[in-house]
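Each chain, letter by letter, is given below.
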Amino acid sequence: MEEFRRTYSRLCKESGAEPQETVLQQMHQLLQGRLDLATQSLTVDTCRALGKLLQKEALLTELILSDCMLSEEGAVLLLQGLCVNTIVRFLDLKGNNLRASGAEALAKLLRQNKSIQSLTLEWNSLGTWEEAFAAFCGALAANGALRQLDLRNNQITHKGAEELALALKINTSLQQLDLRWNHIGLLGGRALVNCLPSNRTLWKLELAGNSIPGDILRAVEQAMDHNQDRQTAFRESQARAHVLSKEVRHLREEKSKQFLDLMETIDRQREEMVRSSKASAARVGQLQEALNERHSIINALKAKLQMAEAALALSEQKAQDLGELLATAEQEQRSLAQRQAKEHRLEQQEAAERESKLLRDLSAASEKNLLLQNQVDELERKVKSQQDQLFLTRQELTNTAAELKMRAVQAEERLELEKKRSRQSLEDAEHLRFKEVEHMTRHLEESERAMQERVQRLEAARLSLEEELSRAKAAALSERSQAEEELIKAKNQVRLEEQQHLAHLEEKLRLLAQARDEAQSACLQQKQVVADAQARASQLGRQVESLRRRLEELQQELSNKDQEKVAEVTRVRLELQEQNGRLQAELTAQEALKEKAAALERQLKVIASDHREALLDRESENASLREKLRLKQAEIARIRDEEAQRASFLQNAVLAYVQGSPLRTLSPQK
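Rules used throughout
Throughout this description, residue numbers start from 1 for each chain and increase along the sequence as written. A pLDDT threshold of at least 70 governs which residues receive local features in this predicted model, and a stricter bar of 80 or more applies before side-chain atom pairs are shown or counted, although totals over entire chains, interfaces and linings include all residues. Calculated side-chain values reflect all of the structure's heavy atoms, with hydrogen atoms and water omitted. Helix and strand definitions here come from DSSP, where helices need a minimum of 4 consecutive H or I residues and strands a minimum of 2 consecutive E residues; each element is numbered from the N-terminal end. Throughout, the radius of gyration refers to the C-alpha atoms, and the reference size of a globule is 2.2 Å times the residue count to the power 0.38. Here the term buried applies to any residue with accessible area under 20% of the maximum for its type, exposed to any over 50%, and partly exposed to those in between, with areas from a 1.4 Å probe on protein chains only. In what follows, a contact means two residues having at least one pair of non-hydrogen atoms within 4.5 Å. Note on areas: Shrake-Rupley with a 1.4 Å probe; residue coverage comes only from the protein chains shown. Counting rule for charge: Lys and Arg are taken as positive, Asp and Glu as negative, and neither His nor the chain ends is counted. Just so you know, the charge point we use is NZ for Lys, CZ for Arg, CG for Asp and CD for Glu. A pocket, in this scheme, is an open set of points on a 1 Å grid over the protein atoms alone with protein on both sides within 12 Å along at least 5 of 7 lines, while a cavity is a set where a 1.4 Å probe fits but cannot get out; residues line either one if an atom lies within 4 Å of a point. Grid points are joined across faces, edges and corners, and a volume is the space filled by probe spheres set on the points. As a working rule, the residues Ala, Val, Leu, Ile, Met, Phe, Trp, Tyr, Cys and Pro are called nonpolar, Asp, Glu, Lys and Arg charged, and the rest polar, with Gly in that last group. The reported arc concerns the directions from the helix axis to the C-beta atoms and nothing else. Salt bridge, as applied in this entry: a Lys or Arg side-chain nitrogen positioned within 4 Å of an Asp or Glu carboxyl oxygen.

Engineer: I'd like a description of the overall build of the protein chain, backed by residues and values.
Structural biologist: A tally of helices and strands in the protein chain yields 13 helices and seven strands. Against the 2.2 N^0.38 benchmark of 26 Å for 670 residues, the protein chain shows a C-alpha radius of gyration of 71 Å, more extended than a compact globule. The dimensions of the protein chain, computed from C-alpha atoms along their principal axes, are 225 × 85 × 30 Å. For the protein chain, the residues scored as buried account for 34% of the 670 residues in total. For the protein chain, the proportion of contacts with a sequence separation of at least 24, taken over those separated by at least 6, is 83%. Total accessible area on the protein chain is roughly 41900 Å²; 53% of this is exposed by carbon and sulfur atoms. Here the protein chain contributes 101 positively and 107 negatively charged side chains, and the mean placements of these two sets differ by 6 Å.

What follows is the structure in structure tokens.
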């Protein structure tokens, strides 16, 4: 309701006027779709706002505008708004002194509006303007929604009554018409009486206070009673037809429901049979799928077992190869250690001999020139021995290099073979072998460089010794006096050479010890690899053993499953046999149901024949009622003719009385 008030206020402000407080108060008290503005003086602006509001309002069903002193313009604006309204059912315009424009607006309202069922126009002046009231009556004739019309005290003359009579001949919806306290008179009453036989819906017509004779009023009352009886009979016949149609519909629904229930029962039984057959087929298919799945699992396990055995054989071959490589590496390490120990002993012996020779040279140098010559000879022999040693060292170096190269080639070939056998599982071993080969080649290069440096030093020593020998010889030939100084220089030189040689030997021993340590670490790594391979081989052996046990368990399980499958198949066969027995029983039951359905159909036919007989009885009863109705209508027509004759006699009498002619001239002589 608050929204209704706000909309009214907004429309008033849009038109440039202030909303009336009394109207707002009445809108605040709006209850159950009823707006009561009785005795409120409504201005033109208020009427304009209400007209616009009523065009869209969907809540009001009753509108009371009695004694509102509406102007012509305000009434027109309100009625224009109601023309498009489809909600209002009751409209009260009592005491608003509506004139010609109001009557025309009401005519437009009755032509366009299809929802107003009750219209109160008491205490207006619609009958004063004949043309406007004629337009109002024409709209009333075309209206098909109005049920009640109040036209009391509207100054309606006999001409207006004639217009109303013409409208009532056409109208098929108006049921109550109040024309009290107007100026209809005799002619108007006669016109209304003449139109009543054509109207079968009007059952209440009030004509008091219109100067109408009593016989016309009685004729109107009789026509109203006749219409009322007709309406009552029509309603009773409609009610009976409705009851009969309802009974027929009920019987049809019951028969159709019984037939549908029977068909649903048959369909359910068919569906259950199909479902049971599908379930058994699905069960057999599931069992077959489970068996196929078990076979595939066994095949997969067999393939895995073959793969594990192949992997085990490959790992055993790898472990055997690694053991051979470890044995060869240990043998090479032992041979290298023996060779290094032998060289070390030889070098120690050479060092001891060299030291004894130097001591002897020193003891002999103190002697005379003869001893010096002996020393020179000894030095020459030493040079020769060193040259022999250098030649042996070079030969040993070439042999070692060739042997190392051969070993490297063999190691590479072994690595290639190892790569071809298993690339993925021996990448680490190949990497370690590659590192070992690099280490061996590096060690070989280092030893070769050391040997070359040693040869160079020996050659430098030989050259220095030759130079010293030449100087000694020159000194011995030229100056014997300087023999002692040269001898001292030679001793110092030999001492330096011995120190250098000892330092070189120590460096060589250190390098050999480092090579030995590296070889030992490589040997330990090879042992670790072999241990890992053995552990992996043992683990693979355990895995193979577990797989064998698993295979035995699976075989045992498979045999158990086969036994279970055989038992399940036998059980399913028994179930299928039982289901077949049940299905046979159901088929017999269905045959019994079919027989019952045939019996029900026969009963249905009997009931339908009984129903048709009942319908024929009802139709004969309806025909008899129609015949009675026709007789009643003939009697009513006869009574109407008699009343018409009486009315004509009364009319002639009244006309003779009005014209002043005596009754004796019209009455027959006795």
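Engineer: Please provide a residue-by-residue account of empty space enclosed by the protein, values included.
Structural biologist: As enumerated under the stated definition, the model contains three cavities of 30 Å³ or more in all. Reported here for the largest cavity is a volume of approximately 560 Å³. Lining the largest cavity are 33 residues, and of these Leu 336, Gln 340, Thr 400, His 443 and Leu 512 lie nearest its centre. Split into classes, the residues belonging to the lining of the largest cavity amount to 14 nonpolar, eight polar and 11 charged.

Engineer: Pulling in residues and values, what's your account of unusual backbone geometry?
Structural biologist: For Met 69, which is not a glycine, the phi torsion comes out positive at approximately 50°. Positionally, Met 69 belongs in the loop between β2 (62–64) and α4 (72–83). Residue classification places Met 69 among the exposed positions, given a relative accessible area of 63%. Notably, Ser 211 is not glycine yet its phi reads approximately 60°, a positive angle.

Engineer: An account of helix α8 (residues 185–195) is requested, with residue identities and associated values reported.
Structural biologist: All buried positions along α8 are accounted for by Gly 185, Gly 188, Gly 189, Ala 191, Leu 192 and Cys 195. Mapping the buried residues of α8 onto a view down its axis gives an arc of 155°, with all of them on the same face.

Engineer: Go over the pattern of salt bridges, please, and point to the residues and values.
Structural biologist: Summed over the entire model, instances satisfying the criterion amount to 18 salt bridges. For the salt bridge of Arg 571 with Glu 575, the shortest nitrogen-to-oxygen distance reads 2.3 Å. Placement of the pair is Arg 571 and Glu 575 together in helix α12 (residues 483–659), with a separation of four residues, close to one helical turn. Overall, Glu 575 belongs to the partly exposed group, its relative accessible area being 31%. Here Glu 621 makes a salt bridge to Arg 618, at a shortest N to O gap of 3.9 Å. Taken together, the residues Glu 621 and Arg 618, both in helix α12 and three residues apart, mark about one turn of the helix. Judged by relative accessible area, Glu 621 falls into the partly exposed class, the value being 39%.

Engineer: Can you tell me about the environment of Glu 104, naming the residues and giving the values?
Structural biologist: Relative to the helices and strands, Glu 104 resides in helix α5 (residues 100–112). By relative accessible area, Glu 104 is classed as partly exposed at 49%. In sequence terms Glu 104 and Lys 594 are 490 residues apart; their C-alpha atoms lie 74 Å from each other.

So, to be careful, I would describe these as geometric facts and stop short of saying anything about function.
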